[in-house]
Amino acid sequence: MFQKTSFTTLIVGVFVVYVLHTCWVMYGIVYTKPCDSPERENCITPFLEEKPRLQLSIYSTLRPNGDGGHTLIHREENFDINERFERIVNVSLPKKTRNNGTLYAIVFVHQAGLTPWQDPRHTHLVAQLTTYMVPKPPEISLIAGEDEAKEQKAAPQKLSHLHGNPKAGGDADSAAVHPVSHWRSRLTVNVVVDHFLFDREYLPSDVHRYLRVFQSGKKMSYLPLLFVDELSNRVKDLVEINSTSMDLPLTIAYDAISLGRLRFWIHMQDAVFSLQQFGFTEKDADEIKGIFVDTNLYFLALTFFVAAFHLLFDFLAFKNDISFWKQKTSMVGMSSKAVLWRCFSTIVIFLYLFDEQTSLLVLIPAGVGSIIEVWKVKKAFKIQVFWKGAKPNIFFGKLDESERRTEEYDTLAMKYLSYLLYPLCVGGAVYALIFLRYKSWYSWVINSLVNGVYAFGFLFMLPQLFVNYKLKSVAHLPWKAFMYKAFNTFIDDVFAFIITMPTSHRLACFRDDVVFLIYLYQRWLYPVDKTRVNEYGVSYDEEPKGKKHKD
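Rules of the game
- Residues numbered from 1 in each chain as written.
- Predicted model: local features only at pLDDT ≥ 70, side-chain atom pairs only at ≥ 80, totals over all residues.
- Heavy atoms only, no water.
- Helix = DSSP H or I, 4+ residues; strand = E, 2+ residues; numbered from the N terminus.
- Buried < 20%, exposed > 50% of the residue type's maximum accessible area, 1.4 Å probe, protein only.
- Contact = heavy atoms within 4.5 Å.
- Areas by Shrake-Rupley, 256 points an atom, 1.4 Å probe, with all protein chains shown as cover.
- Axes fitted to C-alpha atoms, helices over the stretch in contact; angles between N-to-C directions.
- Parallel < 35°, antiparallel > 145°, perpendicular 65-115°, else oblique.
- Left-handed = near helix turned anticlockwise from the far one by under 90°.
- Nonpolar A, V, L, I, M, F, W, Y, C, P; charged D, E, K, R; others polar.
- Core = buried A, V, L, I, M, F, W, Y, C linked by side-chain atoms within 4.5 Å.
- Disulfide = S-S within 2.5 Å.
- 1 Å grid on protein atoms, 1.4 Å probe; cavity = no way out; pocket = protein on both sides within 12 Å on 5 of 7 lines; lining within 4 Å.
- Points joined across faces, edges and corners; volume = space filled by probe spheres on them.

### What about the overall build of the protein chain?
And then number 1: Looking only at helices and strands, the protein chain has 15 helices and 17 strands in total.
And then number 2: When burial is assessed residue by residue, the protein chain has 42% of its 551 residues classed as buried.
And then number 3: When contacts within the protein chain are restricted to residue pairs at least 6 apart in sequence, those whose partners lie at least 24 apart make up 75%.
And then number 4: Summing over all exposed atoms, the protein chain offers an accessible surface of approximately 32,100 Å²; the carbon and sulfur share of this is 61%.

### Quick word on the packing of helix α6 (residues 259-277) against helix α7 (residues 282-293)
And then number 1: At a minimum axis distance of 9 Å, the contact between α6 and α7 shows a crossing angle of 160 degrees. By the criterion of interaxial angle, the relationship of α6 to α7 is roughly antiparallel. When the axes of α6 and α7 are compared, the crossing they make is right-handed. Where α6 approaches α7, its residues Phe264, Trp265, Met268, Val272, Leu275 and Gln276 are matched on the opposing element by Glu282, Ala285, Ile288, Lys289 and Phe292.
And then number 2: In terms of residue class, the contact of α6 with α7 is built from 8 nonpolar, 1 polar and 2 charged.

### Section: the side chain of Thr97
And then number 1: The residue Thr97 is located in helix α2 (residues 95-98) in this model.
And then number 2: Look at Thr97 and you get buried, because its relative accessible area is 0%.
And then number 3: Apart from the residues lying within four places of it in its own chain, the contact partners of Thr97 are Leu62, Thr102, Leu103, Thr130 and Ile241.

### Examining the nonpolar core
And then number 1: Counting 54 residues, the largest nonpolar core has Phe79, Trp183, Leu187, Phe198, Leu225 and Leu250 as its most contacted members.
And then number 2: It is α6 that contributes the most residues to this core, 7 residues altogether.
And then number 3: Ignoring any residue separated from it by four or fewer positions in sequence, one finds Phe198 in contact with Thr32, Cys35, Asn42, Cys43, Ile44, Leu203, Pro204, Val207, Leu211, Tyr222, Leu225 and Leu259.
And then number 4: Within the second largest apolar cluster, 18 residues are counted, among which are Trp325, Met331, Ala486 and Val515.

### Examining the state of the cysteines
And then number 1: On inspection of all chains with the given rule, the structure shows 1 disulfide.
And then number 2: Note on cysteine connectivity: Cys35 is disulfide-linked to Cys43, with sulfurs 1.6 Å apart. Measuring handedness by torsion sign, the sulfur bridge of Cys35 and Cys43 sits at about -75 degrees and is left-handed.
And then number 3: On the basis of relative accessible area, Cys35 is assigned to the buried category, the value being 7%.

### Some remarks on empty space enclosed by the protein
And then number 1: Across all of its chains, the model carries 2 cavities of 30 Å³ or more by this definition.
And then number 2: Put simply, the second largest cavity is a space of about 40 Å³.
And then number 3: In this structure, the second largest cavity is lined by Ala127, Gln128, Leu129, Arg184, Arg186, Leu187, Thr188, Val228, Asp229, Glu230 and Asn233.
And then number 4: Elements supplying a minimum of two residues to the lining of the second largest cavity: β6 (123-128) and β9 (186-192).
And then number 5: With 3 residues, β9 is the largest single contributor of residues to the lining of the second largest cavity.

Following this line, the structure appears as structure tokens:
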């Protein structure tokens, strides 16, 4: 009576519901219902309507509540909230901060001509100027080796991570494995310039904690909405603090923002903070910050939709690839060398991401992909493992006549390819060994391998083209998975041109498309003959539903 719903249809339906729900949530973030009339008692009017003369004052303190004293860092006397500016100031570091301590900044917006403590209608926020992070290990030339390492140890003032720390253990080795205090060299301050009328009945909870309200007769007003942008604090801007750092530069950046942008930043900032509470490191959080800080908001919204579809097609490609290989019993027409190479390259990329301490959001999918590629190699080479006690016995299945012919074409293609591939890979590794700097020999090996995978990995798609050409057939390929992967590649290519990227990266994105177009040409050149009778005496058009056609 009811038609059976496929798993793919169910997933697509869930995806559509997820996208629509996300759009509704984003609309609720950027849109705030205003008050209908300023005369209503429920309305909260902006203090900025009175056009007061304001001043921006920033103080440093050892405690977030200001106890124990404070020092003026910067004063912007002619403060125009609509004018963007940047100021670079030198901040003196107290002894406690130099000894692996912390330092805070208190940002005030108050009436000009008064100190913040004299002005009852001031607004302020506290920002942390320091953070704790494990220092990066030194990178040395593997050719220079020990001599260069000794020079670095002899000149600790050039490499701040070699400074001893009385609280972290005292010597260089312990300082390298313990988190130490780092200086956030940038402080970004924003003020909302919209003269927005808030309705007390529909006051957003995210704005409520930033709202400072005062009563003036029957009229209720709110002070300027001040916001300190923590998302702009990037790992690349951090400077390690040591005992000789008497003062450090601080870039104070100011910009006006809208109410919708403020609410969006609040939600994103809270999300990053939540991830850090769950164990994400400063580097993991920095990668997520880069998504929001380095991208225009409108382009970010477009990126979200594209990324959502990218994820959907990734899943569909994954599903069809698994289904194809699960039913695969013969390697006729399939390049086993290409399967082996994909397994090797996936594992190398996973080790590279692990060595670079990449975010778990990227590392876990890469590890799962490596396991799947190992399983595909087992299927391709018909590997069987039998355990005899604690000792494994490994057996390889035999090839039939058709599979041996495919293997011969595959071996011939790899022979031709090796004439180009091996010199390029060896040359790249030698260049990296002589001219580049790495933390260890292991890092050099992994980086050399991953550079070879990224640079020349597309060449390993060519043996399959050669096998198709020799067999004059493409019916043995997983075309559904191919189409989903190709669509994702096309999306990556379009964004490679929209986003500012080096020319070499753009060419690397498009070279895979060239190979895929050749696959499509071969599919057109070698069509499947649907009238041919198979070994069961049934043609493709005559097969009953549910029965797998063998070509």
